[in-house]
Amino acid sequence: MTSRQDRNSKEGEYLGDRTNDLTQAAQRRYDGERELTTEIVYAVAAARGVEPTDVHSPPLYECVDAATVETALFGRSTSEDRPVADGTVEFTYAEFLVTVRKDGWIQVSETGARQKTS
Amino acid sequence: MGNNSSGEAEPNDGSKPHVPNPEAIADAVLKLDHVHDALGHPRRRYLCYTLLERTEWSLTDLATNIAAWEGDVPEHEVRPDERTAVYVSLYHNHVPNLVERRVVAYDETTETLSAAENTQQVLAALEGIGASLNGAQETHARSEIDDESTR
């Protein structure tokens, strides 16, 4: 990732970079204010150009345990729950590859073909 | 992060009560994973409280009530973006979590929540620990319901 977004901006602009046939469609920064689940869905909505409330079926819950990812990467403000994981977490949601990075950036890329989710 | 209960992430919104000493919670509660997990997040507890007095909820109404409680504002002052954020978190996280544990049922077509086979078990646990754990939350959930029903 070569582009550095403004730290104050929660929603990044379309970058248009292509890597391995993946087109980055949207990115957004998790800052701990809202649940990671919510921020991921907002990023997917931005990638589709729809309202977050229009992102339906399936619920993100059925694709990834975002609550555990959130704790592992970012921990919580309580002393007993420190971050334990490093690096990034990737998963597919509907037609997107979603990448959650340790620094809080959520990147949503189109995989080109609509993937089956279960 | 030793088990599922501590793996539950949530925003620190300042409203999360201190979890009481596990020994203070009835053994019966601890033995029931779905009860324990259902109660593991303030939004899920609030959702369960609302089922105490009204068995059916639209997801939008519920999102509004939870946003009002979290923001400590009346329902009509809830900002649309806050309601949207809560709606998304309910739809994509907390509701499917409770559906999986059969604590609530969700009708996708009507976007309506209702009680399910494990609801009573969870409500019984909430009734038992509610006073010490989260009385203010229950009071708010009930008062919102009262407001709704008198409209």
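Preceding block: the structure.
Residues numbered from 1 in each chain as written. Chains lettered and ligands numbered in written order. Predicted model: local features only at pLDDT ≥ 70, side-chain atom pairs only at ≥ 80, totals over all residues. Heavy atoms only, no water.

A. Here's a closer look at the overall build of chain A. When helices and strands are tallied, chain A shows two helices and six strands. Beginning at the N terminus, the succession of helices and strands in chain A can be written as β-β-β-α-α-β-β-β. A buried classification covers 47% of the 118 residues belonging to chain A. For chain A, the share of sequence-separated contacts (at least 6 apart) that also reach a separation of at least 24 residues comes to 44%. Taken as a whole, chain A presents about 6100 Å² of accessible surface, with 43% of it coming from carbon and sulfur. (Helix = DSSP H or I, 4+ residues; strand = E, 2+ residues; numbered from the N terminus. Buried < 20%, exposed > 50% of the residue type's maximum accessible area, 1.4 Å probe, protein only. Contact = heavy atoms within 4.5 Å. Areas by Shrake-Rupley, 256 points an atom, 1.4 Å probe, with all protein chains shown as cover.)

B. Spotlight on the pairing of strand S6 (residues 105-110) of chain A. All names here are of chain A. Among the six residues that make up S6, five are buried, leaving the element largely enclosed by the rest of the structure. Here strand S5 (residues 96-101) runs beside S6; their pairing, made up of five bridges, is antiparallel. In the sheet register, phenylalanine 96 faces S6, and the bridge partner there is glutamate 110. The hairpin formed by S5 and S6 contains three residues between the paired strands, and glycine 104 there has a positive phi angle of roughly 100°. (Pairing = 2+ DSSP bridges.)

C. Inspection of the sheet that holds strand S1 (residues 56-58) of chain B at higher detail. Residues and elements named next belong to chain B. The strand order S1-S3-S2 describes an open sheet built from three strands, whose pairing is antiparallel. The sheet terminates laterally at S1 and strand S2 (104-107), the two strands that pair on one side only. The mean angle between the axes of side-by-side strands here comes to 25°, regardless of whether they run parallel or antiparallel. With four bridges connecting them, S2 and strand S3 (residues 112-115) associate as antiparallel partners. Note on S3: the bridge partner recorded for aspartate 107 is threonine 112. Strand contacts of helix H5 (residues 80-100): S2 and S3, with the helix running at about 125° to S2, the strand carrying the most contacts. (Axes fitted to C-alpha atoms, helices over the stretch in contact; angles between N-to-C directions.)

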